[in-house]
Amino acid sequence: MTFSYVSHLYCPRCEKTYDASKKQQLCSCGSPLLVAYDMERLTENWRPEQLHDREQSLWRYHELLPVNDPKHITSLGEGMTPLVSMDRIGQEMDIAALFMKDEGLVPTGSFKARGAAVGVSKAKELGVEELAMPTNGNAGAAWSLYAARAGITATIVMPVDAPYITRVECQIAGANLFLVNGLISDAGKIVGEEIKKRNIFDASTLKEPYRIEGKKTMGLEIAEQLDWNVPDVILYPTGGGVGLIGIYKALKELQQLGWLTGNKLPRLVAVQAEGCAPIVEAWKDGKKSSEFWPNSKTAAFGINVPKALGDFLVLDAIYQTDGCAVAVDDQTLLEEQKNVARMEGAFVCPEGAAAFAAARKLRKQGWIQSNEQVVVLNTGAGIKYPETVELDIPVLEPGDSLP
Ligand SMILES: *Cc1c(COP(=O)(O)O)cnc(C)c1O
Ligand SMILES: [Zn+2]
């Protein structure tokens, strides 16, 4: 019995290959590395039916994940989040089959726990004792907590403006936490220098190959939950773009295994905020990579990434699937957050709200047809960001009656 069919790492830019049994960071050409599996053996040995009696977590797909020995798995039960039908708001948007993949239910309240679970587990397997990373909040929180569970020391640098709760999560987990008066790109430079000085593992977005493997399980789950019939469109709030690259990778792997019905992949949509839309600008111009977005700003903090290392992979996934990239302004996404709560009872995060607003916009433009099946990723829980909701509450004195 083979637990993982991981074979090696490869560079999607220059095709150089690397040994997956050693710690690796970027390719010598500067590109992120991706994980390859022995697809031939896997196709022979693995069947969808084998999933039936497995645990309801992302580890149900262990053959297509990089951890070789189950004893290194560091899990808090992440994954297999519900695919919730959103009939009322779907009807209002004129989308007949609108679904939300609700990542707010994952440990730590965001889908970053998927990347952390697989990334930390593999780091443990490779003998990592200390790691460091810059973050916009949620990734730092998830990696701090999973690192604590694995007995790994985490050093985290995040912008002072990152959601308050995420610092609390890092602190309670015992991480070495630093705040920077700046953006995630500034945090990245500080972490980069520390890594050069001391020999610690760089867990920055896409600078280690395994976070994406955790995030790709969203794509595996969507396909399994729809009985291997993929939807027409998947909308994803895009910062570093790891989730989108991961979903694309997952769907291609399933296609290779022959598990998908039909041979069309969903059109992948990268959703960004108007205050930080480098991927959208690049896509509009048909470019293969993006430009640094100066003075980026948005209430959807998780997608405030002015220049993503994997931008060329995000753009490629969009082009290959006939997808698109779309920007939504903060007022519109906050309005949509309210709509989703009032019509569906779901308190989605601002990033997820941006994806709902983008679905509405693309339906209006006719890019999405009313009879298409559409999946929106809600990447985190709204309760992690109470400050994005404006309150207007009357205060009563004891003995008052309601006005
Ligand atoms: C990090 C994050 C995103 C963006 O994810 P990427 O994979 O970096 O594009 C979206 N939403 C939330 C809530 C996040 O924390
Ligand atoms: Zn390379």
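All figures in this text were calculated on a predicted structure; none of them were measured in a lab. In this numbering scheme, every chain counts its residues from 1 along its sequence in written order. Chains carry letters from A onward and ligands carry numbers from 1 onward, assigned in written order. In keeping with the predicted nature of the model, local features appear solely for residues at pLDDT of at least 70, side-chain atom pairs appear and are counted solely at 80 or more, and the whole-chain, interface and lining totals rest on all residues. Each side-chain value is derived from all of the structure's non-hydrogen atoms; neither hydrogens nor water enter the calculation.

1. Description of the sheet that holds strand β2 (residues 17-18)
Hydrogen bonds along the backbone pair up the strands of a sheet, which may run parallel or antiparallel.
Okay, step 1: Read across the open sheet, the 3 strands follow the order β2-β1-β3; overall the sheet is antiparallel. Each of the sheet's edge strands pairs with one partner strand only, and the pair in question is β2 and β3 (34-37).
Okay, step 2: The pairing criterion is simple: DSSP has to find at least two bridges between the two strands. The helix and strand labels rest on DSSP assignments: H or I over at least four residues marks a helix, E over at least two residues marks a strand, and numbering proceeds from the N terminus. Two elements, strand β1 (residues 6-10) and β3, share 4 bridges in a ladder whose sense is antiparallel. Paired with Val6 across the bridge in β3 is Tyr37.

2. A closer look at the UniProt feature "domain: Tryptophan synthase beta chain-like PALP" (unreviewed entry) in the protein
Okay, step 1: UniProt positions are given in the numbering used here, feature names are shortened, and annotations may be inferred rather than shown by experiment. Under the local residue numbering, the UniProt record ascribes the feature "domain: Tryptophan synthase beta chain-like PALP" (unreviewed entry) to residues 75-380.
Okay, step 2: Helix makes up 44% of residues 75-380 and strand 17%, whereas the separation of the span's terminal C-alpha atoms amounts to 18 Å.

3. A few points about the site of ligand 1
Okay, step 1: Taken together, the neighbourhood of ligand 1 is formed by 18 residues, with Lys112, Tyr236, Gly239, Gly241 and Thr379 sitting nearest.
Okay, step 2: Any pair of nitrogen or oxygen atoms within 3.5 Å is treated as a polar contact; in protein, a donor-acceptor pairing is required on top of that, and neighbouring residues in sequence qualify only through side-chain atoms on both sides. Contact distances for ligand 1 include 2.8 Å between an oxygen atom and a side-chain N or O atom of Lys112.
Okay, step 3: Values of accessible area rely on a 1.4 Å probe in the Shrake-Rupley scheme; residue burial ignores everything except the protein chains shown. Expressed as a share of its isolated accessible area of 380 Å², the protein-covered part of ligand 1 is 95%.
Okay, step 4: Within the residue set of the shell around ligand 1, elements represented by two or more residues are β10 (233-237) and α9 (242-257).
Okay, step 5: Any residue outside Ala, Val, Leu, Ile, Met, Phe, Trp, Tyr, Cys, Pro, Asp, Glu, Lys and Arg is labelled polar, Gly included; the first ten of those are nonpolar and the last four are charged. A breakdown of the residues in the shell around ligand 1 according to their chemical character gives 7 nonpolar, 8 polar and 3 charged. We define proximity as follows: a residue is near a molecule or strand when any one of its heavy atoms falls within 4 Å of that partner.

4. Let's talk about the nonpolar core
Okay, step 1: Put simply, buried Ala, Val, Leu, Ile, Met, Phe, Trp, Tyr and Cys residues joined by side-chain atoms within 4.5 Å make one nonpolar core. Burial classes: relative accessible area under 20% of the type maximum marks a residue as buried, over 50% as exposed, and values in between as partly exposed (1.4 Å probe, protein chains only). With 62 residues, the main nonpolar core has Trp46, Leu64, Ile234, Leu244, Leu254 and Leu257 as its most contacted residues.
Okay, step 2: When residues in this core are grouped by element, the largest group, 9 residues, is from α9.
Okay, step 3: Residue contacts are defined here by distance: any two heavy atoms, one from each residue, within 4.5 Å place the two residues in contact. What Leu244 contacts, discounting residues up to four positions off in sequence, is Tyr236, Thr238, Leu268, Val269, Ala270, Val314, Ala317 and Ile318.
Okay, step 4: Core analysis: the next-biggest nonpolar cluster, separate from the first, contains 32 residues, Met86, Ile89, Val340 and Val374 among them.

5. A short note on the pattern of salt bridges
Okay, step 1: What makes a salt bridge here is a side-chain nitrogen of Lys or Arg within 4 Å of a carboxyl oxygen of Asp or Glu, nothing more. This model, assessed by the stated rule, comprises 24 salt bridges.
Okay, step 2: With a shortest N-O distance of 2.7 Å, Arg114 and Glu221 are connected by a salt bridge. In this pair, Arg114 is assigned in helix α3 (residues 112-125) and Glu221 in helix α8 (residues 217-225), connecting sequence segments 107 residues apart. You'll find Arg114 and Glu221 in the same group, each marked buried.
Okay, step 3: If you follow the salt bridges from partner to partner, you end up with Lys101, Glu103, Arg114 and Glu221 in one network.

6. Things to note about the environment of Ala116
Okay, step 1: Structurally, Ala116 is set in helix α3.
Okay, step 2: What makes Ala116 buried here is its relative accessible area of 0%.
Okay, step 3: Residues Ala116 and Gly345, 229 residues apart in the sequence, show an inter-C-alpha distance of 28 Å.
Okay, step 4: With near-sequence residues (within four places) excluded, Ala116 lies in contact with Ser121, Ala142, Trp143 and Tyr146.

7. Regarding the side chain of Thr388
Okay, step 1: Summarising the element assignment, Thr388 is placed in the segment after β13 (373-378).
Okay, step 2: For Thr388, a relative accessible area of 18% corresponds to the buried category.
Okay, step 3: Reaching out from Thr388, the side chain makes a polar contact with the backbone oxygen of Tyr385 at a distance of 2.9 Å.
Okay, step 4: In this structure, Thr388 is in contact with Ala299, Leu334, Gln337 and Pro350, ignoring residues within four places of it in sequence.

8. A word on the sheet that holds strand β6 (residues 130-134)
Okay, step 1: On the basis of which strands lie adjacent, the open sheet formed by 4 strands has the order β8-β7-β6-β9 and parallel pairing. With partners counted over all chains shown, the strands left at the sheet margins are β8 (176-180) and β9 (201-202), one partner each.
Okay, step 2: For β6 and β9, the ladder comprises 2 bridges, and the chain directions are parallel. Looking at the pairing, Ala132 lines up with Asp202 of β9.
Okay, step 3: Strand contacts of helix α5 (residues 164-172): β7 (153-159) and β8, with the helix running at about 160 degrees to β7, the strand carrying the most contacts. A fitted line through C-alpha atoms serves as each axis, taken over the contacting stretch for helices, and the angle formed by two N-to-C directions is quoted from 0 to 180°.

9. Quick notes on the packing of aromatic side chains
Okay, step 1: Between 30 and 60 degrees the pair is tilted, below 30 it is stacked and above 60 it is edge-to-face, where a pair is any two Phe, Tyr or Trp rings, Trp via its six-membered ring, whose centres lie within 6.5 Å. Applying the stated criterion across every chain, the model contains 3 aromatic pairs.
Okay, step 2: On the basis of an interplanar angle of 75 degrees and a centroid distance of 5.1 Å, the ring pair of Trp228 and Trp259 is categorised as edge-to-face. Placement of the pair is Trp228 in the loop between α8 and β10 and Trp259 in the loop between α9 and β11 (267-273), with a sequence separation of 31 residues. Each member of the pair Trp228 and Trp259 is classed as buried.
Okay, step 3: Among the aromatic residues, those joined into a cluster by ring pairs are Trp46, Trp228 and Trp259.
Okay, step 4: Cation over ring: Arg13 sits above Phe312, and NZ or CZ is 4.5 Å from the ring centre.
Okay, step 5: Cation placement over rings: the criterion is NZ of Lys or CZ of Arg within 6 Å of the ring centroid and within 35° of the ring normal. Positioned above the aromatic ring of Trp367 is the side chain of Arg267, whose terminal nitrogen or guanidinium carbon lies 4.4 Å from the ring centre.

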